[in-house]
Amino acid sequence: MFKGTVAPSGQVKNHTSFSSPLNFYDNPPTFDVSIEEFETSALDRLRVLAEIESSAARNRSWEELKNVTNMQCKKYLPLSSSNKEDTSGDTELRRRDNLSHFVLRLAFCRSEDLRRRFVKAETTLFRVRYDNLIGREREAFLNSHDFDWIPVEEEEIKKFSEQLEAAYASTSDGKRKYVKWTRVPDLVERRKVFLNGGWAYVPGHDISSIIFQEFEDHLEKALEMTARFLPRLDEDTRLVPILSNLSQGFLAGISSEWANASGPTSGNEIKAEMVNDLAKKHFPLCMRALHENLQKDNHLKHFGRLQYGLFLKVLGLSIEEAVAFWRKSFSRITDDKFNKEYKYNIRHSYGLEGKRANYPAKSCIQLLAPGSSDCGCPYRNYSPENLQTALLSSYSPLGLRAADLPEIMATVKAGHYHVACTRVFEITHASSRVAKGQGIGDGESVTHPNQYAARSIELEKLKDGMVAD
Amino acid sequence: MSSNENSEKPSPEVMLTFYRRLYPFKSIYHWLNHEHAPTRLFTQREFAFTLVGDVYLRYNSFTTADELKKQVCQLNPTRFEIGPVYSARPRDKKTMRPGAFNPILRELVFDIDMTDYDSIRTCCSGADICKKCWGFIASAVQVLDSALRNEFGYQKLLWVYSGRRGIHLWISDKEAMELTDQQRKAMVGWLTVVQNRKEGSKSLNVRTGGKLPPSLQNALDFLRHSFVDLILHTQECFKSEEGYEELLKAIPDSLLVKTLRSKWESKPGRSSEDKWSDCFKSMSADKNLMTALEDIIIQYTYPRLDAEVSKHRNHLLKAPFCVHPSTGRVCVPLDLEMIEKFDPKSVPTVFQLLEELDAIRVTEDQNTELHSDWEKTSLKPYIDIMEKHAFDLMQEARKEKLKSDTSW
């Protein structure tokens, strides 16, 4: 199935034996794969990659990242069986690793943005795994792939001994290699290498730099190549939906922890990864709209950010989680830009900057005040057609039917926007035994988006509690 | 340089005559194209024009030098800039799918601008430049040139005076043209030593284990000399109180700073050189203080690059031989040997060149071929530099071609 789809240009060694736990992914899988394995192996890998991405958004240190990634890998993407004696299962695990990598290549080669993120996450995964290798394994891996470097001769070490000593504080590192400087840009940028005539003399302990760079470049090129061949795959109706699902999952940031949990586990603590799910189940239309715009455009305008940010704050998102959430959502901007232009505002709305006021979330009255149309109250701002479409697409999974629309639209037309919102709440929470006229409890109608969301979450907990009893 | 037009801005008529009769389009073409027959190095190259009234036209491209000349004479821009070679012709950009139009090749360029030295130069400020402050540029050029040749192994370097207060460098080696943005950024990192130039001098942080990396050690050996000439003699950087306070800030021994300060306060006429030797005498015994002195030398004289110019392939840079719109001076290429003694004020201006043209008319009174008019003006030596450089590049390209032909 992969033949002709992924064709990395003539590579050297054959990895099908999977002798090393580390894989440069030179050879695509050429064996038969069931559709199910195709999907599940990719999903498992995706969980690991999503965790790596969110680590970057949370600013985790390298050690923390390594621990988290290793834990995830153990769970979803092991490379060696836990039984040290019996290595027969290893080949199978590594075959699966190889397969999942190539499936995700297909899913993530589609756009520049996806490619960039995929390369970043995969390279990080590779680095973690390289870091895990013990000396002997590392040696074996280095020998298994042709890195096209030249060992530095004794003579040259003598010739440049003075410079080498100044650059590395020792000349005794025997495994020094040299490569074109362009292959170790990170070392060059930090002036951590000795250059002569365009060649970089890379000391033994920095050799990993060459390898990581090579991995990254190699993968980037392969993805571009895959993207060029991808249209041929479009005819395959079994695979295309799976692939687009996978890339969407990555965009929404599937996290393993949350995908399996059913609700906020401890009290009101809400994690960045949970927001997407909460939005689907519990948010009023105004916040749903903001959330969807944010997911779609990877951006929100200032007032949208303010409105949605304060809502999330009151919902229970801590400042750390808020920064992680927004960082992840604004996936198209650089870290630098984010820290400079957005982080301050987020911290400001949490009362950590500037006036240090604890700003409350906007109530319905404030949202109903005349303002721009991309935020505010959708019941008021949307045209009737748009409102109906938005309501159906947002709430039909929760039980809203087209037959309910005339009633809602009538109240909207009469200008009772909060009544319409309350009615939607009643309809969508019918399964929690909310009857018409009961509102969000004791006949109260919606006056605050947070009130809507909080009551919705509460009702779900009650329901779960009853089932458990 | 007799006329009082010197201080005026060149008029559109002056510019048009300059483009028609003097501008060396052929040399520019050879330099960019590396071959006689048009290649994508020229045909897929972006040219951007700045017209009168700051109208900016981007994504122009041309198939031949004559076509470029025709367009330039028609638009009569105040200046024009050269961008990267794209994956397709820039003029077809609008018909391309977004994402299919990317920069692929580009000369590696550097820009050193006098404004980055404003905090330390004492003779002029802002847009002004004189022979005295050219010393900063000259020593920066020496350091940069040798670093690029010896450490990075590049050969095809062309230095171009920017027309006012700085200098550009264009590197046309094949490997340099192919560098990615990431690699360019890495290179800028390697070559950027003096940080935070806007906020005045912060201490350098370039040593590992107290030692300078070899590249800086080489630079330092050269900079020691230019420091004495430039900072101590020509610029007298430590003469004023402001100047020597800046120096004292960089000395990590507070007791010593106090003694030096009281000594210098009592003798306000003390020259920079004497002050420097005061420092040297009291510090040379201590290894730590010696490294501080070395850091000061680097801080004052190491090249200060305009990093943004070099980092991205799609950054546009003014073409050589353009006329600087406010000085009228031509942006001429310079030989490395000329740079040290170069006087920015000696560069031919467009007014002077046109006068020279008029003079030819009078003496010869023959209508010689138009395109070789520059042969008889003071622009000739500079065009010769460009031609020679372009010739080298074409030789190289020919050799490269032969090699690949014989490999069959």
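As the structure is a prediction and not an experimental result, all values here were calculated from the model.

Student: Mind laying out unusual backbone geometry, listing which residues take part and the relevant values?
Tutor: Of note, the phi angle at R191 of chain A is positive, near 55 degrees, even though the residue is not glycine. Among the secondary structure elements, R191 of chain A is positioned in the loop between α8 (185-189) and β3 (194-196). R191 of chain A sits in the buried class, given a relative accessible area of 13%. Of note in the backbone geometry, N76 of chain B takes a positive phi value of approximately 50 degrees without being a glycine. With respect to the helices and strands, the residue N76 of chain B is situated in the loop between α4 (65-75) and β3 (79-86). Residue class for N76 of chain B comes out buried when judged on its relative accessible area of 14%.

Student: Which residues make up the packing of helix α13 (residues 285-297) of chain A against helix α20 (residues 384-395) of chain A, and what values do they have?
Tutor: All names here are of chain A. Their axes nearest at 11 Å, the elements α13 and α20 cross at an angle of 85 degrees. Classified by the interaxial angle, the pair formed by α13 and α20 is roughly perpendicular. Of α20, the residues touching α13 (which contributes L285, R288 and E292) are L387, A390, L391, S393, S394 and Y395. Of the residues contributing to the contact of α13 with α20, the split by class is five nonpolar, two polar and two charged.

Student: For the UniProt feature "binding site: [4Fe-4S] cluster" (unreviewed entry) in chain A, give the residues involved together with the corresponding values.
Tutor: All names here are of chain A. Cross-referencing UniProt, the feature "binding site: [4Fe-4S] cluster" (unreviewed entry) maps to C286, C364, C377 and C421 in the present numbering. For this annotated set, covering 136 residues, all C-alpha atoms fall within 10.3 Å of each other, a compact arrangement in space. With respect to the element layout, C364 can be found in helix α18 (residues 364-368). Those residues in contact with C364, other than ones at most four positions away along the chain, are V446, T447, H448 and P449. In this structure, C421 sits in helix α22 (residues 417-428). Judged by its relative accessible area of 9%, C421 is buried. Once residues lying within four places of it in the same chain are set aside, the contact partners of C421 are P284, Y379, V446 and Y452.

Student: I'd like a rundown of the pattern of salt bridges, residues and numbers included.
Tutor: Residues and elements named next belong to chain A. All chains considered together, the criterion is met by 45 salt bridges over all chains. The shortest N-O distance in the salt bridge between R423 and E426 comes to 2.8 Å. Separated by three residues within a single helix, R423 and E426 lie in helix α22, roughly one turn from each other. Of the two residues, R423 and E426, neither departs from the other in class, the shared state being buried.

Student: I'd love a proper account of the sheet that holds strand β7 (residues 166-171) of chain B, names of residues and values included.
Tutor: Residue and element names in this part refer to chain B. Reading across from one edge, β5-β7-β6-β9 is the order of the four strands in this open sheet, with antiparallel pairing throughout. Whereas interior strands pair on both sides, the edge strands pair on one side only; in this sheet they are β5 (108-113) and β9 (333-334). Looking at chain direction, β5 and β7 are connected through six bridges and run antiparallel. Bridge pairing in β7 links F110 to L169.

Student: Explain the interface of chain A and chain B residue by residue, including any values.
Tutor: The accessible area lost on association of the parts is a frequent measure of interface size. Chain A puts 20 residues into the contact, and the matching count from chain B is 24 residues. In total, chain A and chain B occlude about 1,800 Å² of area from one another, counting both sides; carbon and sulfur atoms represent 56% of this. When the buried area of chain A at its contact with chain B is split by residue, W181, E189 and R191 of chain A rank highest and sum to 40% of it. Where chain A touches chain B, the interface holds two salt bridges. Note that E175 of chain B is salt-bridged to K180 of chain A, the shortest N-O span being 3.7 Å. Counting across the interface, chain A meets chain B through eleven residue pairs in polar contact (both at pLDDT 80 or more).

Student: Lay out the sheet that holds strand β4 (residues 199-202) of chain A with the relevant residues and their values.
Tutor: All names here are of chain A. Here four strands make up an open sheet; going across it, the order is β1-β2-β4-β3 and the pairing antiparallel. The sheet is open, and its two edges are formed by β1 (150-151) and β3, each paired on a single side. Relative to strand β2 (residues 177-180), β1 is paired through two bridges, and the arrangement is antiparallel. Across the sheet, P151 pairs through a bridge with K177, a residue of β2.

Student: How would you sum up the pairing of strand β1 (residues 45-51) of chain B? Please name residues and give values.
Tutor: All names here are of chain B. Extensive coverage of β1 is indicated by the burial of seven of its seven residues. Sheet analysis places β1 next to strand β2 (residues 55-60), joined by four bridges and oriented antiparallel. Each bridged residue has a counterpart across the sheet, and for T50 the counterpart in β2 is Y56. Remark: three residues form the turn of the hairpin made by β1 and β2, two consecutive strands paired antiparallel; G53 in that turn has positive phi of roughly 85 degrees.

Student: Which residues make up the packing of aromatic side chains, and what values do they have?
Tutor: Using the criterion set out here, one finds 54 aromatic pairs over all chains in the structure. Judged by centre distance (6.2 Å) and plane angle (65 degrees), the ring pair of F141 of chain A and F147 of chain A falls under edge-to-face. An identical accessibility class is assigned to F141 of chain A and F147 of chain A; each is buried. Look at F227 of chain B and Y300 of chain B: their rings are 6.4 Å apart centre to centre, the planes differ by 75 degrees, and that puts the pair in the edge-to-face class. A residue pair is termed long-range when its members are at least 10 positions apart, and F227 of chain B in helix α8 (residues 214-234) and Y300 of chain B in helix α12 (residues 287-301) qualify at 73 residues. Using a relative accessible area of 7% as the deciding quantity, one classes Y300 of chain B as buried. Grouping aromatic residues by their ring pairs yields a cluster made of F18, Y19, Y23, F25, Y29, F42, F47, F49, F62, F80 and F321 of chain B. Against the face of F31 of chain A rests R95 of chain A, its NZ or CZ located 4.3 Å from the ring centre.

The rules behind each value
Residues numbered from 1 in each chain as written. Chains lettered and ligands numbered in written order. Predicted model: local features only at pLDDT ≥ 70, side-chain atom pairs only at ≥ 80, totals over all residues. Heavy atoms only, no water. Helix = DSSP H or I, 4+ residues; strand = E, 2+ residues; numbered from the N terminus. Buried < 20%, exposed > 50% of the residue type's maximum accessible area, 1.4 Å probe, protein only. Axes fitted to C-alpha atoms, helices over the stretch in contact; angles between N-to-C directions. Parallel < 35°, antiparallel > 145°, perpendicular 65-115°, else oblique. Contact = heavy atoms within 4.5 Å. Nonpolar A, V, L, I, M, F, W, Y, C, P; charged D, E, K, R; others polar. UniProt positions renumbered as here; feature names shortened; annotations may be inferred. Salt bridge = Lys/Arg side-chain N within 4 Å of Asp/Glu carboxyl O. Pairing = 2+ DSSP bridges. Buried area = accessible area lost by both parts, 1.4 Å probe. Polar contact = N/O pair within 3.5 Å; in protein donor to acceptor, adjacent residues only side chain to side chain. Phe/Tyr/Trp six-rings, centres within 6.5 Å; stacked < 30°, edge-to-face > 60°. Lys NZ or Arg CZ within 6 Å of the ring centre and 35° of its normal.

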